[in-house]
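# Summary of the model geometry
Here's the letter readout for the chains.
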Amino acid sequence: MRQADNTDDLIFSVAELIAFCSKLYPLNPGDVIVTGTPEGVGFARQPQAFIQDGQTVRIEVEGLGAIENTTHYGEAPSGCGPECTCG
């Protein structure tokens, strides 16, 4: 694990973030609001550490669940569905 933090360290409360974002975009069930990073951000490390091709990033919200995505550089993978927006 590279970073671990919780909502107690946010500058704005979760309610304030939802209120602000909902004024800009319609929010739907399942939407994720990503607020930035806790301490340990990659560019400030020595040596610097950035997400690499093929690296899996996992975000977990205690009591809610987790989501994982793997980074892929370059061309969109073949087999994307008709509603794919990655290409």
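Everything numeric here is computed off the predicted structure, so don't read it as measured data.

On to the overall build of the protein chain. For the protein chain, the helix and strand inventory stands at one helix and two strands. Reading the protein chain from its N terminus to its C terminus gives the helix and strand order α-β-β. Counting contacts in the protein chain only where the partners sit at least 6 residues apart, residues at least 24 apart contribute 22% of the total. Of the roughly 7900 Å² of accessible surface on the protein chain, a fraction of 55% belongs to carbon and sulfur atoms.

Our focus in this paragraph is a nonpolar patch on the surface. Taken together, V14, I18, F20, L24, Y25, L27 and I33 make up a surface patch of nonpolar side chains, about 660 Å² in accessible area. Secondary-structure assignment places L27 in the loop between α1 (14–24) and β1 (56–61).

Okay, the confidence of the model for the protein chain next. With 80% of its residues at a pLDDT of at least 70, the protein chain reaches an overall mean of 80. Highest mean pLDDT in the protein chain belongs to α1 (92); lowest belongs to β1 (84).

Take the pairing of strand β2 (residues 65–70) next. A regular strand carries its side chains on alternate faces of the sheet. As paired elements, β1 and β2 share six bridges and run antiparallel to each other. Within β2, the residue paired with E60 across the bridge is A66. Connecting β1 to the next strand, β2, in antiparallel fashion are three residues, including G63 with a positive phi near 80 degrees.

With that out of the way, let us pick up the pattern of salt bridges. Enumeration over the complete set of coordinates arrives at two salt bridges. Residue E60 pairs with R58 through a salt bridge whose shortest N-O separation is 3.5 Å. As a salt-bridge pair, R58 and E68 come within 3.1 Å of each other at their nearest N and O atoms. You can see R58 sitting in strand β1 and its partner E68 sitting in strand β2, a full ten residues away along the chain. A single salt-bridge network, built from bridges that share partners, covers R58, E60 and E68.

Here is what the cut-offs are and how they apply
- Residues numbered from 1 in each chain as written.
- Predicted model: local features only at pLDDT ≥ 70, side-chain atom pairs only at ≥ 80, totals over all residues.
- Heavy atoms only, no water.
- Helix = DSSP H or I, 4+ residues; strand = E, 2+ residues; numbered from the N terminus.
- Contact = heavy atoms within 4.5 Å.
- Areas by Shrake-Rupley, 256 points an atom, 1.4 Å probe, with all protein chains shown as cover.
- Patch = residues over 30% accessible without salt bridge, like charges linked within 9 Å, V, L, I, M, F, W, Y side chains within 5 Å.
- Salt bridge = Lys/Arg side-chain N within 4 Å of Asp/Glu carboxyl O.
- pLDDT = per-residue confidence, 0-100.
- Pairing = 2+ DSSP bridges.

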